[in-house]
Amino acid sequence: MNITKESELMALHRAIIEAKFKESHEDSAIPYSGILSDLSERIVTNIIQTLSENGEHDEAKNWVSIVKLNEDWHGYGCIKNWIQETESWVDMSVEDKSQFIKVLCSPYQPSKHQENDLIEFGDRHWKT
């Protein structure tokens with residue numbers, strides 16, 4: 001299946017974000033899913049590409065900036081909660097923690113500073 005219609009891509013994006021970043025989940029695997037993370041990133045990439053191809057360059061640039069993780073957004077708190085709920089955090093290497101955070105944040109992209117802050121947050125929480 002190849003979805004290239006802008007309205008369908010945006011509907012998928014909204015559905016994934018709503019499912020992924022809600023306060024509680026019936027299926028707790030949703031925020032931790034690498035498949036969903038990859039899919040959400042591909043959808044955003046396709047939205048940007050479709051907007052550019054349709055000559056909507058300002059809107060495409062807007063989407064590029066939208067994917068930067070915003071600490072004031074409610075989803076940032078969700079990400080911190082998921083880190084606190086992940087008992088395997090203590091067994092992860094720094095590289096694994098970094099990859100885990102990218103999955104949790106996806107399709108939003110944390111800056112290196114934010115990534116380090118989230119790792120430090122998890123380490124403080126899980127300090128034994």
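Quick note: structure is the one above.
Cut-off values and rules
- Residues numbered from 1 in each chain as written.
- Predicted model: local features only at pLDDT ≥ 70, side-chain atom pairs only at ≥ 80, totals over all residues.
- Heavy atoms only, no water.
- Helix = DSSP H or I, 4+ residues; strand = E, 2+ residues; numbered from the N terminus.
- Contact = heavy atoms within 4.5 Å.
- Areas by Shrake-Rupley, 256 points an atom, 1.4 Å probe, with all protein chains shown as cover.
- Axes fitted to C-alpha atoms, helices over the stretch in contact; angles between N-to-C directions.
- Parallel < 35°, antiparallel > 145°, perpendicular 65-115°, else oblique.
- Left-handed = near helix turned anticlockwise from the far one by under 90°.
- Nonpolar A, V, L, I, M, F, W, Y, C, P; charged D, E, K, R; others polar.
- Salt bridge = Lys/Arg side-chain N within 4 Å of Asp/Glu carboxyl O.
- Buried < 20%, exposed > 50% of the residue type's maximum accessible area, 1.4 Å probe, protein only.
- Expected span 1.5 Å × (residues − 1).
- Arc of directions from axis to C-beta.

### Some words on the overall build of the protein
- Looking only at helices and strands, the protein has six helices and zero strands in total.
- Along the chain direction, N to C, the helices and strands of the protein fall in the order α-α-α-α-α-α.
- Counting only C-alpha atoms, the protein reaches 55 × 30 × 25 Å along its principal axes.
- A separation of at least 24 residues holds for 70% of the contacts in the protein among residues at least 6 apart in sequence.
- As displayed, the protein offers around 7900 Å² of accessible surface, 49% of which is attributable to carbon and sulfur atoms.

### Things to note about the packing of helix 4 (residues 74–85) against helix 6 (residues 112–125)
- Between helix 4 and helix 6, the least distance of the axes is 9 Å, while the angle of their chain directions is 40°. Put simply, helix 4 runs oblique to helix 6. When the axes of helix 4 and helix 6 are compared, the crossing they make is right-handed. Contacts from Tyr76, Ile79, Lys80, Ile83 and Gln84 in helix 4 reach Gln114, Leu118, Phe121, Gly122 and His125 in helix 6.
- Of the residues assigned to the contact of helix 4 with helix 6, the class counts are five nonpolar, four polar and one charged.

### Some words on the pattern of salt bridges
- Per the stated rule, a full pass over the model turns up three salt bridges.
- With a shortest N-O distance of 3.0 Å, Arg42 and Asp38 are connected by a salt bridge. You can see Arg42 and its partner Asp38 sitting in helix 2 (residues 34–53), four residues apart, about one turn around the helix.
- According to the relative accessible area criterion, Arg42 is partly exposed, its value standing at 48%.
- Asp38 gets classed as partly exposed once you look at its relative accessible area, which sits at 38%.
- Asp123 serves as the salt-bridge partner of Lys97, at 2.6 Å between the closest nitrogen and oxygen. With a gap of 26 residues between them, Lys97 in helix 5 (residues 94–105) and Asp123 in helix 6 connect regions that are remote in the sequence.
- Since its relative accessible area comes to 9%, Lys97 is described here as buried.

### Digging into unusual backbone geometry
- Looking along the chain, the bond that leaves Ser106 and enters Pro107 is cis, with omega of 10°.
- Locating Pro107 in the fold gives a position in the loop between helix 5 and helix 6.

### Observations concerning helix 4
- The terminal C-alpha atoms of helix 4, which comprises twelve residues, lie 17 Å apart, in line with the 16 Å expected from a rise of 1.5 Å per residue.
- Taken together, the buried positions of helix 4 are occupied by Gly75, Tyr76, Cys78, Ile79, Trp82 and Ile83. Down the axis of helix 4, the sector holding all buried residues measures 155°, keeping them to one side.
- The inward-facing, buried residues of helix 4 contact helix 1 (6–20), helix 5 and helix 6.

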